Amino acid sequence: MQAQVLLGLLTVQVAVATGASQIFVSDLSENRLKKAKEVGATHTFDARDQDIPQKIRKMTGNGVDIFIDAAGAQASFDTGINSLRNGGTAVLVALFGKKVTHDALNQTLRELTIIGTAAYRNIFPQVIALISSGKLPVEKLVTSVISLDEIVEKGFEALTNDPSEVKILVDINR
């Protein structure tokens with residue numbers, strides 16, 4: 001789950017860096033929603049809210065151009081698909097733990113494009129350029145810096161048990 005949190009926050013930063021005017025984020029954790037705002041989300045929603053697509057459509061006039069699913073659950077998939085404008089694109093970056101159901105007729109009638117991607121093939125040069133330019137401030141995602149000796153307790157266990165942790169940097173010189 002922590003990898004998905006980081007992935008979602010990174011997609012917010014990339015959306016900002018590439019000029020998105022409105023960035024909507026939904027999550028179950030208030031801490032993660034706060035962090036999403038800190039890194040550039042313009043609107044955040046409690047993922048339990050069933051009216052998110054309607055609220056987004058009202059705010060945008062017809063829905064979002066692109067939906068990125070970094071959560072990998074039926075609820076996040078449905079919310080995103082229903083938030084897309086006709087002709088919009090869904091990008092699935094999460095590794096879904098369970099099968100999702102999907103209305104292919106809705107996809108066809110609304111002319112939606114759904115793309116799945118893993119391992120981010122062929123984008124490393126662009127990502128490195130964004131980080132180097134300062135447009136992708138990944139340092140904002142680092143919530144702790146630890147030594148190599150602390151990697152189990154303050155690294156792996158912290159990421160598993162503490163929802164406020166996002167990215168823990170291991171300083172090998174510490």
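An account of the accompanying structure is given in this report. Bear in mind that the values here come from a model prediction, so they are computed numbers and not experimental data. (Residues numbered from 1 in each chain as written. Predicted model: local features only at pLDDT ≥ 70, side-chain atom pairs only at ≥ 80, totals over all residues. Heavy atoms only, no water.)

Its place among the elements puts aspartate 78 in helix 4 (residues 74–83). Between the alpha carbons of aspartate 78 and valine 39 there is a distance of 25 Å; along the sequence they are 39 residues apart. (Helix = DSSP H or I, 4+ residues; strand = E, 2+ residues; numbered from the N terminus.)

Turning next to the pattern of salt bridges. Pairing between side chains becomes possible if they bear opposite charge and their charged atoms approach one another. Applying the stated criterion to the full structure yields six salt bridges. Here arginine 48 and aspartate 46 are joined by a salt bridge, their closest N and O atoms 3.0 Å apart. Take arginine 48: its relative accessible area is 54%, and that puts it in the exposed class. Taking relative accessible area as the criterion, aspartate 46 reaches 32% and is therefore assigned partly exposed. Between lysine 154 and glutamate 150 there is a salt bridge, and its shortest N-O distance comes to 3.2 Å. (Salt bridge = Lys/Arg side-chain N within 4 Å of Asp/Glu carboxyl O. Buried < 20%, exposed > 50% of the residue type's maximum accessible area, 1.4 Å probe, protein only.)

For the rest of this paragraph, the subject is the nonpolar core. Phe24, Phe45, Ile52, Ile56, Val64, Phe67, Phe77, Ile81, Leu84, Ala90, Leu92 and Leu112 together form the largest nonpolar core, which totals twelve residues. When residues of this core are traced back to their parent elements, those giving at least two are helix 3 (52–60), strand 3 (64–69), helix 4 and strand 4 (84–92). Looking at this core, the element that brings in the most residues is strand 4, giving three residues. Leu9, Val12, Val25 and Ala36 belong to the second-largest nonpolar core, a separate cluster that totals eleven residues. (Core = buried A, V, L, I, M, F, W, Y, C linked by side-chain atoms within 4.5 Å.)

Once that is clear, we can look at the side chain of aspartate 69. You can see aspartate 69 is positioned in strand 3. No salt bridge is formed by the buried aspartate 69, whose closest oppositely charged neighbour, arginine 32, lies at an N-O distance of 12 Å. Among the polar contacts made by the side chain of aspartate 69, one reaches the main-chain amide nitrogen of phenylalanine 77 at a distance of 3.2 Å. (Lys, Arg positive; Asp, Glu negative; His and termini not counted. Polar contact = N/O pair within 3.5 Å; in protein donor to acceptor, adjacent residues only side chain to side chain.)

So, on to the pairing of strand 1 (residues 24–27). Every other side chain in a regular strand lies on the same face of the sheet, so the side chains alternate between the two faces. Judged from the four bridges that link them, strand 1 and strand 2 (residues 43–46) form a sheet pairing that is parallel. In the strand pairing of strand 2, aspartate 27 is matched with aspartate 46. For the crossover from strand 1 across helix 2 (residues 30–38) to strand 2, the handedness is right-handed. (Pairing = 2+ DSSP bridges. Right-handed = clockwise from strand over helix to strand, strands pointing away.)

What follows deals with the packing of aromatic side chains. Scanning all chains against the criterion turns up two aromatic pairs. With a centroid separation of 6.3 Å and 20° between ring planes, the pair formed by phenylalanine 24 and phenylalanine 45 is classed as stacked. Here phenylalanine 24, found in strand 1, pairs with phenylalanine 45, found in strand 2; they are 21 residues apart in sequence, far enough to count as distant. Per residue, the accessibility class of phenylalanine 24 equals that of phenylalanine 45, and both read buried. An angle of 80° between the planes, with centres 6.4 Å apart, marks the rings of phenylalanine 77 and phenylalanine 96 as edge-to-face. Residue phenylalanine 77 is found in helix 4, and its partner phenylalanine 96 is found in the loop between strand 4 and helix 5 (104–109); the two are separated by 19 residues along the sequence. The class for phenylalanine 96 is partly exposed, based on a relative accessible area of 26%. (Phe/Tyr/Trp six-rings, centres within 6.5 Å; stacked < 30°, edge-to-face > 60°.)

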